[in-house]
Amino acid sequence: MSDDKISVFAAGVYRKLGEIPRGKVATYGVLARALGCGSPRAVGQALRANPHAPQVPCHRVVRIDGSLGGYQGEERGAAIQRKQQLLREEGVIFLKDGRVDLASSGFEFPG
DNA sequence: AAAAAGATAGACG
DNA sequence: CGTCTATCTTTTT
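The structure presented is a predicted model; accordingly, all values stated were derived computationally and were not measured.

> Break down the packing of helix 1 (residues 8-17) against helix 2 (residues 28-35) for me, citing the residues and quoting the values.
Contact geometry of helix 1 with helix 2 gives a least axis separation of 10 Å together with a crossing angle of 120°. On the basis of their axis angle, the class for helix 1 and helix 2 is oblique. Crossing geometry of helix 1 relative to helix 2 is assigned as right-handed. Note on element contacts: helix 2 touches helix 1 through L31, A34 and L35, opposite F9, G12, V13, K16 and L17. The residue makeup of the contact of helix 1 with helix 2, split by class, is 6 nonpolar, 1 polar and 1 charged.

Okay, structure coming up:
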């Protein structure tokens, strides 16, 4: 937190997030691949430092297995609860396990 | 400059 | 089901 600006990597992540349609969710792996990186952790780092909270749909990014993961830097349980609420309002389908239905709400980047 | 952490994913036992 | 390793970027010492 030294510069007001952000890295090019984060900017690319936020750009991809804007491509995710409402009611859908993308996975870290797919996002990382769309950015040209094979490490979903790098994407998570960019989202964690997300300077635009609700402006960027960072809550539309979940794990590969449908688990929510985290939100900003909150506790795991709190992050899941908040994300589930937001996604549920957007029309994302949730399974009884508390996971997202990637089979219907899973989004993937073209190309 | 070097080391540690971080919202993952995949492989192994 | 639980544990370890691989991979990339950002942040801190």
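> Now, about the pattern of salt bridges: what can you tell me, with residues and values included?
Evaluated as defined, the whole model comprises 4 salt bridges. We note a salt bridge from R82 to E74, for which the minimum N-O separation is 3.5 Å. The exposure class of R82 is partly exposed, given its relative accessible area of 40%. Of the residues examined, E74 reaches a relative accessible area of 34% and is grouped as partly exposed.

> Which residues make up the side chain of H59, and what values go with them?
As for its placement among the helices and strands, H59 is situated in the loop between helix 3 (40-48) and strand 2 (61-62). Take H59: its relative accessible area is 6%, and that puts it in the buried class. The contact partners of H59, leaving out residues within four places of it in the chain, are Y71, K83, L86, L87 and E90.

> Account for the protein's contact with DNA strand C, naming residues and giving values.
By nearness alone, 8 residues border DNA strand C, and S7, F9, S39, R41 and A42 come closest of all. Among all atoms of DNA strand C positioned within 4 Å of the protein, those belonging to sugar or phosphate total 76%. In the environment of DNA strand C, a phosphate oxygen lies 2.5 Å from a nitrogen or oxygen atom belonging to the side chain of S7. The contact in question runs from a base nitrogen of DNA strand C to an N or O atom on the side chain of R41, over 3.4 Å. When residues in the surface near DNA strand C are grouped by element, the largest group, 3 residues, is from helix 3. A breakdown of the residues in the surface near DNA strand C according to their chemical character gives 4 nonpolar, 3 polar and 1 charged.

> Would you mind going over the confidence of the model for chain A in detail, with residue names and values included?
Of the residues in chain A, 95% have a pLDDT of 70 or more, and the chain-wide mean is 91. Mean pLDDT across the elements of chain A bottoms out in helix 4 (residues 76-90) (93) and peaks in strand 1 (residues 26-27) (97).

Calculation rules
- Residues numbered from 1 in each chain as written.
- Chains lettered and ligands numbered in written order.
- Predicted model: local features only at pLDDT ≥ 70, side-chain atom pairs only at ≥ 80, totals over all residues.
- Heavy atoms only, no water.
- Axes fitted to C-alpha atoms, helices over the stretch in contact; angles between N-to-C directions.
- Helix = DSSP H or I, 4+ residues; strand = E, 2+ residues; numbered from the N terminus.
- Parallel < 35°, antiparallel > 145°, perpendicular 65-115°, else oblique.
- Left-handed = near helix turned anticlockwise from the far one by under 90°.
- Contact = heavy atoms within 4.5 Å.
- Nonpolar A, V, L, I, M, F, W, Y, C, P; charged D, E, K, R; others polar.
- Salt bridge = Lys/Arg side-chain N within 4 Å of Asp/Glu carboxyl O.
- Buried < 20%, exposed > 50% of the residue type's maximum accessible area, 1.4 Å probe, protein only.
- Near = heavy atom within 4 Å.
- Polar contact = N/O pair within 3.5 Å; in protein donor to acceptor, adjacent residues only side chain to side chain.
- pLDDT = per-residue confidence, 0-100.

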